[in-house]
Each structure stands twice: as C-alpha cells, then as structure tokens.
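# Summary of structural features
What follows is each chain in one-letter form.
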Amino acid sequence: MSSLNHCIKFELDIKDENIVFKDYFYKSIKLQKHKIYEAELIQPACPYCGSLDLLHNGHLITNIHYPTANASLPVIIRLAKQRVKCRDCDHWSMAQSELVNKYCSISNASKLKVLSALTEDRSMTSIARENNVSINTVQRVLGNCSHRFIDSYEYLPAHLAFDEFKGVDRQLHFICLDGDNHQVVQILRTRCKKTLLKYFGRFSPQARANVKTVTMDLNFYYQDIVRACFPNAQIVIDRFHMIQMLTRSFNSLRVQVMKTFDKRSRQYQLLKSPWKLYLKKFDELEKVHPRYNWHYKDCLTQAQVVTEGINTSTTLENSYNLMQSFIQAVETGNTHELKSLINCQDQIGTLMHKTLLTFKHNLTAVLNGAALPYSNGCLEGFNRKIKQIERTAFGYSNFTNLLTRIRLEEDLYKENILT
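Read on for a plain summary of the structure.

Analysis parameters
Residues numbered from 1 in each chain as written. Predicted model: local features only at pLDDT ≥ 70, side-chain atom pairs only at ≥ 80, totals over all residues. Heavy atoms only, no water. 1 Å grid on protein atoms, 1.4 Å probe; cavity = no way out; pocket = protein on both sides within 12 Å on 5 of 7 lines; lining within 4 Å. Points joined across faces, edges and corners; volume = space filled by probe spheres on them. Helix = DSSP H or I, 4+ residues; strand = E, 2+ residues; numbered from the N terminus. Polar contact = N/O pair within 3.5 Å; in protein donor to acceptor, adjacent residues only side chain to side chain. Contact = heavy atoms within 4.5 Å. Pairing = 2+ DSSP bridges. Axes fitted to C-alpha atoms, helices over the stretch in contact; angles between N-to-C directions. Buried < 20%, exposed > 50% of the residue type's maximum accessible area, 1.4 Å probe, protein only.

Counting across every chain of the model gives one cavity of 30 Å³ or more. Quantified by volume, the largest cavity comes out at close to 50 Å³. In terms of lining, the largest cavity is formed by H65, Y66, P67, T68, P74, V75, S110, N131 and N132.

Right under this line is the structure:
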C-alpha cells in the first residue's frame, strides 16, 4: 500500500504527507470514462491547541477534480477528510489540505492551470473543456484576478501615450500606456473630459510633474487635459496620424479630379486603377521596368503612371508634391522644412488646406511629433491585441471582465503568475 501511495503521489505530483492513497479504479460518469483515486486526508494534530490527543469521528467524502494531461480521461480524487475532536480543548475540526480549498471541489492545481490558460488568446469554452470544469468555474477564476493596472497615485511614467478603443457595447474606452516600457497605465470606461480630469487629478503633484511628454492623436480635448494636469509635459502629435490625415486629404482630391474626366478617358484610368501608387513614397516607385496595363492600354513604369496622373491637374500636382515633402520632412525630423510646408501658399485642395490649417493650430505639438522619437505605435499595437481578445470571446458585456482578461494577457503579468 505504501508503494502504491508513493507511485500515485509521484504521478499526480502531490506532496502533502497527510494524504494517503489507497486504490484507484475507472468509472463511467455521464457517458464519459473517469479515473478515480481513493484517498484519505489525515488530521495529525489539533489546529487550535496543537494537541495530538484526538478523537476520530468519521469522514467527509469529497470528489475533487484534478488536472490531467489527457483531457479525454478526467481524474477525480475521492478524498475522505477525517473529522476529529480534541480531548484537550474540546474543539471539533476537519482535516484540510493545500490540495483544495475549504468547501471547494476544484483542486488548486486545476485553478492554476485554468489561470495559466487565461493568459493566452483562447475562449473560456475551450479552457473549460480542456480542464474538465464548467464555464462558470473559469469565470470565477477570472473574477478572482485583479483588473487594476496602477494602484498607487504617487507615480506616473515620464512618457505617456493616450488613445481610445471600442469595447463593451461598442463604446469608446480610454487607454493610457507607458511610452518607454509599453505597459498599460490605466484603462477607463469612458473617454469623457470630466472623467479623465478626475482620474489624473487623484495623482500627487509630484507624480504629475514627472510627466515629460504625452503622445496623442489630434483629439482636441486631450490637449486641454494635458495642460490642466501635467505642468511640465510636452504635447506630441503622433506621426502616423499626421501622415494619415494628409494622405486622406490627397486621396479625396484625387477622386474629385478623377470624376471631372470621362470614364473611358486615359486620364480617368490613370487616376483610378493605380490609386495605391499615389499614396506610396515616390522614391519607392518602380522607375526602370515598365509594365503593360489594360486599363489605360499602355506600357508604363509606376513613376511614369504617377507623373502623368498628377499632371492632369495643377492643384493635384501641388498637393502631391506637398504630401511627399511632408512625409520626407517627418521621417528626417526636419522641423524647419515642416513649418514652411504647413505655411504653404500654393494652390492645393480644400480638404488638404483644412488639414494644414489644423496642423497650424497645433504647430508646436506637430513639430514635437517630428522632432521627438515618441509615437503611438505601441498603443496601436496594444489596441490590436484588445480587438483580438474581444473577437475570440465574441465580445464582452462586462467591462471588469474585459479589463481582467487584458491584464492577464499582458506579458509582464503573465510572468508574475506563472513564476
């Protein structure tokens, strides 16, 4: 019996000396084959006074679900817990073990395995099926985890990044990341100005003074929040959003010019079918090997297509040259060139003129975006991960559960759980 006990403990990786395994057998439960181990949990001493003079009074049988490598063969430990009475202090007690919590039939090893699976991009249904537990058990394990990102209001990173994402009920939630280590600072239910001012107002003046830069898109009230809460912070407009606004303005002008020509004309086809070429950098276009295109019935290189297309309109040509120069100035960090382009007086499209006017109103933040190395790239990537989490779960109706799942799938939090 001792040899069997040691073999079963080695197989199940159980190190509690008070658990003694006696036998095992197979049984079909709900048309599924289970492997059942019979064991006894001994109470060696009184938990109140430590006395060894105990009076045994039967057992409490508990069926404990235990994890197994083979999900098709669930393991159940039929554990008989001793009930005892201490002859010295007259206290009644029942044997307890680290194998399972009191009043619980799911082993702690199963809960830890479920928690480890929650750190991956998987649905709760597949996690429950693999660990032979119910979906409610997986939800309870998720609910016991912390969904908070920063509990102290005495520290803020020197470089922050602001943005929003669609979450519960298609609402926009505010997210803030550390610009250096790309860890989440906080996720709030709403992105309202009042809510953000209230949240950042809780931090100490020293923590808010520690913030040096805040990277964001061109959301107008984010800048008001930065000016109100962070006295030493520089506002940095993300480079991607600047170039995106400019390319969209040019693309709108291209469509507008294209519609002035007949649909069967060469000019119309040059502006319509190869539209992606106009959004690329001119230096990356093919200039040596021409290719035949059946739309405009000619053999041209990519550079020749773009050159001939923008020559159809002076406004389109000026806008294209402005867009190319702006992209190059942003990539090289040439703030002087960028400032002169924003103040450009050439004939350009109406939408592009409005875009440059927006840049002019936020000139300092735009120039900071080109000069400083910080951007919202890390934040856009994290938002992509959040979208995948929501897609796997077919959406979340509970905001706290969404935050907890995001917290679990963070790399840093994953390392702390599994170590």
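Next comes the rest of the description.
It is worth spelling out the side chain of T392 at this point. Of note, T392 is situated in helix α15 (residues 377–392). A distance of 2.7 Å separates a polar atom in the side chain of T392 from a polar atom in the side chain of D121. Filtering out sequence-adjacent residues up to four positions away, T392 remains in contact with D121, R122 and S123.

We now examine the sheet that holds strand β9 (residues 213–216). Pairing is mixed in the open sheet, where five strands are placed in the order β8-β7-β6-β9-β10. Two strands bound the open sheet, and with one partner strand each, they are β8 (184–188) and β10 (234–237). Here the strands of the sheet are splayed against their neighbours by 20 degrees on average, with no regard to which way each runs. Taken strand by strand, helix α5 (residues 193–201) contacts β6 (159–166), β7 (172–178) and β8, and its axis lies near 140 degrees from that of β8.

A positive phi angle is found at D169, which is not glycine, with a value near 55 degrees. For D169, the location among the structural elements is in the loop between β6 and β7. Residue D169 is classed as exposed on the basis of its relative accessible area of 61%. One non-glycine residue, F394, lies in positive phi territory at about 55 degrees. Here F394 lies in the loop between α15 and α16 (399–408). Residue F394 is classed as exposed on the basis of its relative accessible area of 80%.

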